[in-house]
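Analysis of the macromolecular model
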Amino acid sequence: MNGMPGDVFTFQFENLQRAKRRNETWLCQSRSVNGGEAALQVFNNEGSEHADEICLRENEAAIQGADQYEITWYMSWSSSERCAPQIIDFVQKHPNVKLNIFVSRLYYQDSEPHREGLRALSQHERIGLKVMTLTDFQDCFDRFVGEGNGFQNWEDLAGNSARYAAILKEITQQTSTEKEQRNRQSGHGRDPDKQHLLSASSLITDLTL
DNA sequence: ATTTTCAAT
């Protein structure tokens, strides 16, 4: 396995609310077949390809029809709006795959298209989506950096994890009305043909508030 | 067209 250096792990996976200069994404994958020993791989983005896309391609080549696969991802940034549908397609195409995704930070947490992607992932019956906690960072470090290297707990890891978890919960439980409000705020998702629907729903919202 | 974010003048 081409593992991760400890300092790279700590820098890239630190779950800061404002993660400056983490302008790349790391994905640590554990994949086991029929409950056997897990194969470990580390991916990151290359060129215009996202880490998820490269990893999916690798899985596509490795996976055989009848076997049962347990896949776990530890991601420094959560999947983008571009990758989420590809991940869902992959899992759909392989009914023998279960995918558990742990994320350190939420990528563009306020952008509705990215939020929608996460919502779709979390709603799939064979996909798990969670924010990493101390145990997850510890496990990821032990498996992908090396147990002997000693994981260093950083400042406010638990607090940051709890805040991200709260945001993810809000994202996955968000109602359609809230989505429209968000779209109007951020200027995303506007469809000229549906402007009247948006204003009608905002009118209803205003009346009920 | 940028914030902090799969980033480059």
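Residues numbered from 1 in each chain as written. Chains lettered and ligands numbered in written order. Predicted model: local features only at pLDDT ≥ 70, side-chain atom pairs only at ≥ 80, totals over all residues. Heavy atoms only, no water.

Per an unreviewed UniProt entry, chain A carries the name DNA dC->dU-editing enzyme APOBEC-3C-like and comes from Huso huso.

1. Examining the overall build of chain A
Looking only at helices and strands, chain A features 8 helices and 5 strands. Going residue by residue from the N terminus, the α and β elements of chain A occur as α-β-β-α-β-α-β-α-β-α-α-α-α. Counting every position in chain A, which comprises 209 residues, the buried fraction comes to 45%. The long-range fraction of contacts in chain A, counting pairs at least 24 apart against all pairs at least 6 apart in sequence, stands at 72%. With the model as given, the accessible surface of chain A reaches about 11000 Å², and the carbon-plus-sulfur share is 48%. (Helix = DSSP H or I, 4+ residues; strand = E, 2+ residues; numbered from the N terminus. Buried < 20%, exposed > 50% of the residue type's maximum accessible area, 1.4 Å probe, protein only. Contact = heavy atoms within 4.5 Å. Areas by Shrake-Rupley, 256 points an atom, 1.4 Å probe, with all protein chains shown as cover.)

2. What about the packing of aromatic side chains?
This structure, assessed with the given rule, holds 10 aromatic pairs. Here the aromatic rings of F9 and F13 are separated by 4.8 Å at their centres, their planes lie at 15°, and the arrangement is stacked. With a gap of 4 residues between them, F9 and F13 both fall in helix α1 (residues 6-13), about one helical turn apart. According to the relative accessible area criterion, F9 is buried, its value standing at 0%. Three or more aromatic residues link up through ring pairs in this structure, and these residues are F9, F13, F137, F141, F151 and W154. Across from the ring centre of F11, 3.7 Å away, lies the NZ or CZ of R22, which sits over that ring. Note that R105 overlies the ring of W77, its terminal NZ or CZ placed 4.1 Å from the centroid. (Phe/Tyr/Trp six-rings, centres within 6.5 Å; stacked < 30°, edge-to-face > 60°. Lys NZ or Arg CZ within 6 Å of the ring centre and 35° of its normal.)

3. Description of the pairing of strand β3 (residues 69-77)
Of all 9 residues in β3, 8 are buried, a share of seventy percent or more. With 7 bridges connecting them, strand β1 (residues 26-33) and β3 associate as antiparallel partners. Along β3, the bridge assignment pairs R31 with I71. Sheet topology places β3 next to strand β4 (residues 97-105); 8 bridges connect them, and they run parallel. Considered in β4, the bridge of W77 is made with R105. With helix α3 (residues 83-93) bridging β3 and the parallel β4, this β-α-β connection has right-handed handedness. (Pairing = 2+ DSSP bridges. Right-handed = clockwise from strand over helix to strand, strands pointing away.)

4. Digging into the sheet that holds β1
Taken together, the 5 strands give an open sheet; going across it, the order is β2-β1-β3-β4-β5, and neighbouring strands pair in mixed fashion. Only two strands of the sheet have a single neighbouring strand rather than two, namely β2 (39-44) and β5 (127-131). Neighbouring strand axes in the sheet, compared pairwise and without regard to direction, differ in orientation by 15° on average. Taken together, the 6 bridges between β1 and β2 define a ladder with antiparallel strand orientation. Within the sheet, the bridge partner assigned to S30 lies in β2 and is L40. Packing of helix α4 (residues 112-123) onto the sheet brings it into contact with β4 and β5, and relative to β5 it is tilted by some 125°. Strands in contact with helix α6 (residues 157-173) are β4 and β5; relative to β5, the strand with the most contacts, it is inclined by about 135°. (Axes fitted to C-alpha atoms, helices over the stretch in contact; angles between N-to-C directions.)

5. Side note on the nonpolar core
The biggest cluster of nonpolar side chains holds 31 residues, and the ones touching the most others in it are W73, I87, I101, L106 and L121. Looking at this core, the elements with two or more residues in it are α2 (51-62), β3, α3, β4, α4, β5 and α6. With 6 residues, α3 is the largest single contributor of residues to this core. Aside from chain neighbours lying at most four places away, what touches I101 is W73, M75, L121, I127, G128, L129 and K130. (Core = buried A, V, L, I, M, F, W, Y, C linked by side-chain atoms within 4.5 Å.)

6. Some details on the environment of A19
Relative to the elements of secondary structure, A19 occurs in the loop between α1 and β1. The exposure class assigned to A19 is buried, which follows from its relative accessible area of 13%. Distance from A19 to R126, taken between C-alpha atoms, is 30 Å for residues 107 residues apart in sequence. The contacts of A19, once residues within four sequence positions are left out, are W77 and R105.

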